[in-house]
Amino acid sequence: MKAEYTITVYTENQVGLLNRIAIIFSRRKINIESLNVSPSEADGIHRFTVVINETEDVVRKLCRQIEKQVEVLKTYFNTNEEIIWQEMALYKVSTDAVAEKLKVERLLRENGARAVVIRKDYTIFETTGHREETDKLVEVLAPYGLIEFVRSARVAIIKASKGFHEKLKEFEAVEPAAELAENEYLDKGDAVFTM
Amino acid sequence: MSTAIETTQNEPKDAPAIIEVEAKELTGSQAVLEAFIAEGVDTIFGYPGGAIMPIYDALYDYNDQLKHILVRHEQGGIHAGQGYARSSGKVGVVFATSGPGATNLVTGLADAMIDSTPLVCVTGQVFAHLLGTDAFQETDVINITTPVTKWNYQITDATEIPSVLAKAFYIAKTGRPGPVLIDITKNAQIQKIEYKGYTKCTHIRSYRPKPIVRKTYVEEAAKLINEAKKPFVLFGQGVILGNAEKEFKAFIEKAGLPSAWTLLGLSALPTDHYLNTGMLGMHGNYGPNVLTNECDVLIAVGMRFDDRVTGRLDKYAKQAKIIHLDIDPAEIDKNVKAAVPVWGDCKETLPMLTRLVEAKQHTDWLAKFNEYKKQEEEQVIQAELHPTSGELTMGEVIHQLNELTNGDAIIVTDVGQHQMVACRYARFNETKSNITSGGLGTMGFALPAAIGAKFGAQHRTVVAVIGDGGFQMTLQELGTIMQTKLNVKILILNNRFLGMVRQWQQLFNDKRYSFVDIQSPDYIMLAKAYGIEGQSVNDRILLQSALKTMLDHDGSYLLEVMVGKENNVFPMVPQGCSVSEIRLK
């Protein structure tokens, strides 16, 4: 059964790696719903956050192909239950509509929107939340004239993760410790393979 | 005391064994060639052009240390590099210029990628300041080759050359080998750098070529093998790439395991070994295919369950518990779910397994393979190898060739019917003797690959077996043979058709022979134009002496054998069918 999966990839910072990772999806005609690249908790290590809608079996295979890339250190995939995630959205509406119609102000407040810029002609609001939340504000603002809307990619934190600092030390060691469990996604549950 | 500590702290930790040389000034181009020498490269296949001219200029002074083979087309160059890598076990090295030179490498890169062949390709690129300006012969080689390389990298600053090339060789040959492409802009080739020697790469933190083997899985695998009544081994090129032929043989001999090979696993185990039950897959042998669906434990060693091997997946070995030994974790569970995944280098995992398996002989089970073999002999092989009348068959040509080479030759095949026949019937005593384009199925592979194979194993006889279609795709490489005075035997099996497609059209498209009727030039005259001796035979009586003339000839020789026009390759597992539905006719 298809579901939303968030793939977290720890990588070196290298030109061309984005393409190497992206073509693993496009080769299989899989659409990337959301993609974010940012620094991670570990110094010099980048973190890709990719959201796709696929079956677990497909996601697992994709992760193995991603991890096979030379500059990829580690890949994880998680269901929505296993992560905390947010997306940010910006909305541009006419300032008149906000000023004159009391209801708009109430809607914005109800949806936790925050004004970023207020000008004579337009106001920009920002919200942060899940897709349904940011989408809902689009819906309710539409009748009052939404001039522009944009939403960022998902950023996600894995609930069970202890971060990448310790792992990175293992990767840097020429002879990694035997106890280090790697590729836990590769098979049934935990500590299946060591690298 | 404190000063002493300070001094040690200033020392780099885990200082790699750098061969300290006095820093000297080198151009980027010279640094490339120094890297090759440090990596033990002796042969380069290439073709010059504008953007790689500085490297070629430097090569002029390295002529005594690096042999450069001028090919006739970059595709020929990279296939030669593949042939070299496959016959020698070393990394193949290829040069090409920017733009069209680089794009001509793509087929070979894809071929090497899918067949796990270690290559380092160096392409020239326009000056860095011209990147993205649609400059003359500029093409985005890095992005074009990303899906077909294990790793690629563009160098715009020559100071990166030593370390990037060290990485390139390390990545190409370790783990599951593959092709690496390094694109070097012209300014970096010219740029002068302070050269401080070359350090081989032994570790990249984001790249683990092989894992520490988990003993639990080896133990589980051994347990399954010891309990098995009908164990069956499938082996692939992993055994050859892992230099584990001896370890493999010891393993199957101790546990008495009938074994069958994939197209690229061929020659890892001698053909006449008592446990060698033959070839797997679409045109493989009868027994190994049928009994795949009868065995109770299936042990896959260094193979990837290609669709040409498995046929219909949902009817593939469903009754069996599958043990999968592979160095590439992405292959485990990719096509066939493994009950026991043994992730690791088979050079390590096989001896671990051998220690744990009980010495056994599955005599009755092995006899079953022989029963099927007998049926196949009667219904297919006899007529193919020993016909007494009618047109010549491809099988009898290979059979006669075996008789003359005693199975000691390297056989390089192209793609199509002749490839299947040659791989089915050729005899091999030694490993690294079968060189063919397996995964990609690249017509035109054999002639240039045979050239490379000969350079990689100069003491061995190299016979390129090629169809009339494939030969016409890369026959310009006859020029390379002419110029290098190489001794390669070219055996064209001419059936005046694109035979494999014709066979499918006959079997599945109602004999609607759509554009498979291909004409050939006079190959003997063509060879003669390149100074290569040759002859054409279509008479059974003359076949053996013609083959002998070819093999005995001092230098390259082209032998064209006119074979049956509409012969088919059997057995065959039709596409979409299960391996047990294999047809004998």
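Residues numbered from 1 in each chain as written. Chains lettered and ligands numbered in written order. Predicted model: local features only at pLDDT ≥ 70, side-chain atom pairs only at ≥ 80, totals over all residues.

The next point concerns the overall build of chain B. Each helix and strand in chain B was counted, giving 24 helices and 20 strands. Principal-axis analysis of the C-alpha atoms places the extent of chain B at approximately 80 × 65 × 40 Å. In chain B, which comprises 585 residues, the proportion classed as buried is 54%. Counting only contacts in chain B whose residues sit at least 6 apart along the sequence, the fraction spanning at least 24 positions is 78%. (Helix = DSSP H or I, 4+ residues; strand = E, 2+ residues; numbered from the N terminus. Buried ≥ 20, exposed ≤ 12 C-beta atoms within 10 Å, placed from the backbone. Contact = placed C-beta atoms within 7 Å.)

Our next topic: the nonpolar core. Formed by 178 residues in total, the largest nonpolar core has its most connected members in Val120, Ile182, Val301, Ile323 and Ala464 of chain B. No other element matches the eight residues that helix 8 (residues 161–173) of chain B contributes to this core. Once residues within four sequence positions are removed from consideration, Val301 of chain B is found in contact with Val233, Leu234, Phe235, Gly236, Gly238, Val239, Phe248, Leu325 and Cys346 of chain B. Residues Leu17, Val51, Ile52 and Leu168 of chain A belong to the second largest nonpolar core, which totals 21 residues. (Core = buried A, V, L, I, M, F, W, Y, C linked by C-beta atoms within 7 Å.)

Residue and element names in this part refer to chain B. Where helix 10 (residues 215–227) meets helix 15 (residues 346–356), the axes come as close as 9 Å, and the angle between the chain directions of the two elements is 50°. Between helix 10 and helix 15, the crossing angle belongs to the class labelled oblique. Pair helix 10 / helix 15 crosses with right-handed handedness. Between helix 10 and helix 15, the residues in contact are Val218, Glu219, Ala221 and Ala222 and Thr349, Met352, Leu353 and Leu356, respectively. By residue class, the composition of the contact of helix 10 with helix 15 is six nonpolar, one polar and one charged. (Axes fitted to C-alpha atoms, helices over the stretch in contact; angles between N-to-C directions. Parallel < 35°, antiparallel > 145°, perpendicular 65-115°, else oblique. Left-handed = near helix turned anticlockwise from the far one by under 90°. Nonpolar A, V, L, I, M, F, W, Y, C, P; charged D, E, K, R; others polar.)

A few words on the interface of chain B and chain A. The interface is formed by 20 residues belonging to chain B together with 24 residues belonging to chain A. Partitioning the side of chain B that touches chain A into residue classes produces twelve nonpolar, four polar and four charged.

What follows is about the sheet that holds strand 3 (residues 67–70) of chain B. Residues and elements named next belong to chain B. Pairing is parallel in the open sheet, where six strands are placed in the order 3-2-4-5-7-6. Edge positions in the sheet fall to strand 3 and strand 6 (151–155), since each has one partner strand and no second. Going from strand to strand, the sheet's axes swing by 20° on average, the running direction of each strand aside. Taken together, the five bridges between strand 4 (residues 92–96) and strand 5 (residues 119–125) define a ladder with parallel strand orientation. Counted as the bridge partner of Ala96 is Thr123 from strand 5. (Pairing = 2+ DSSP bridges.)

Another aspect to go through is the sheet that holds strand 1 (residues 3–11) of chain A. Residue and element names in this part refer to chain A. Strand order in the open sheet made by the four strands is 2-3-1-4, with antiparallel pairing throughout. Since the sheet does not close on itself, it has two edges, and those belong to strand 2 (34–39) and strand 4 (72–79), each with one partner. Each adjacent strand pair in this sheet contributes to an overall mean axis angle of 20°, direction not counted. Contacts between helix 2 (residues 56–68) and the sheet are confined to strand 1, strand 3 (46–54) and strand 4, with strand 4 contributing the most and set at about 165° to the helix.

Once that is clear, we can look at the pairing of strand 4 of chain A. All names here are of chain A. With six of eight residues buried, strand 4 is to be regarded as a mostly interior element. Of the strand pairs in this sheet, strand 1 and strand 4 are connected by seven bridges, and their pairing is antiparallel. By the bridge assignment for strand 4, Thr11 is matched with Val72.

Residues and elements named next belong to chain B. Looking at the assigned domains, one finds that chain B contains domain 1 (17–195), domain 2 (215–368) and domain 3 (386–575). Facing the 25 residues of domain 1 at the interface are 26 residues of domain 3. Looking at the side of domain 1 that touches domain 3, the element that brings in the most residues is helix 4 (residues 74–88), giving eleven residues. Here the side of domain 1 that touches domain 3 is composed, by residue class, of eight nonpolar, 13 polar and four charged. (Domains from an automatic or database assignment.)

Now for the domain arrangement of chain A. One frequent convention defines the size of an interface as the accessible area lost when the parts assemble. Along its sequence, chain A is carved into domain 1 (3–83 + 155–189) and domain 2 (85–151). In this structure, domain 1 of chain A and domain 2 of chain A have C-alpha centres spaced 33 Å apart.

This part is about the confidence of the model for chain A. Across chain A, the average pLDDT comes to 87, with 89% of residues at or above 70. For the stretch residues 183–195 of chain A, pLDDT sits under 50, and the model shows 34 contacts to residues farther than four places along the chain or on other chains. (pLDDT = per-residue confidence, 0-100.)

Here we take up the packing of helix 4 of chain B against helix 6 (residues 106–114) of chain B. Residue and element names in this part refer to chain B. The geometry of helix 4 relative to helix 6 is characterised by a closest axis approach of 8 Å and an angle of 20° between their N-to-C directions. Regarding the angle of helix 4 to helix 6, the classification is roughly parallel. In this structure, helix 4 uses Gln75, Ile78, His79 and Gln82 to contact helix 6, whose residues at the interface are Thr107, Gly108, Leu109, Asp111 and Ala112.

What follows is about helix 4 of chain B. The terminal C-alpha atoms of helix 4 of chain B lie 21 Å apart, and with 15 residues this matches the ideal 21 Å at 1.5 Å per residue to within 8%. Counting buried positions over the 15 residues of helix 4 of chain B gives 14, a clear majority of the element. (Expected span 1.5 Å × (residues − 1).)

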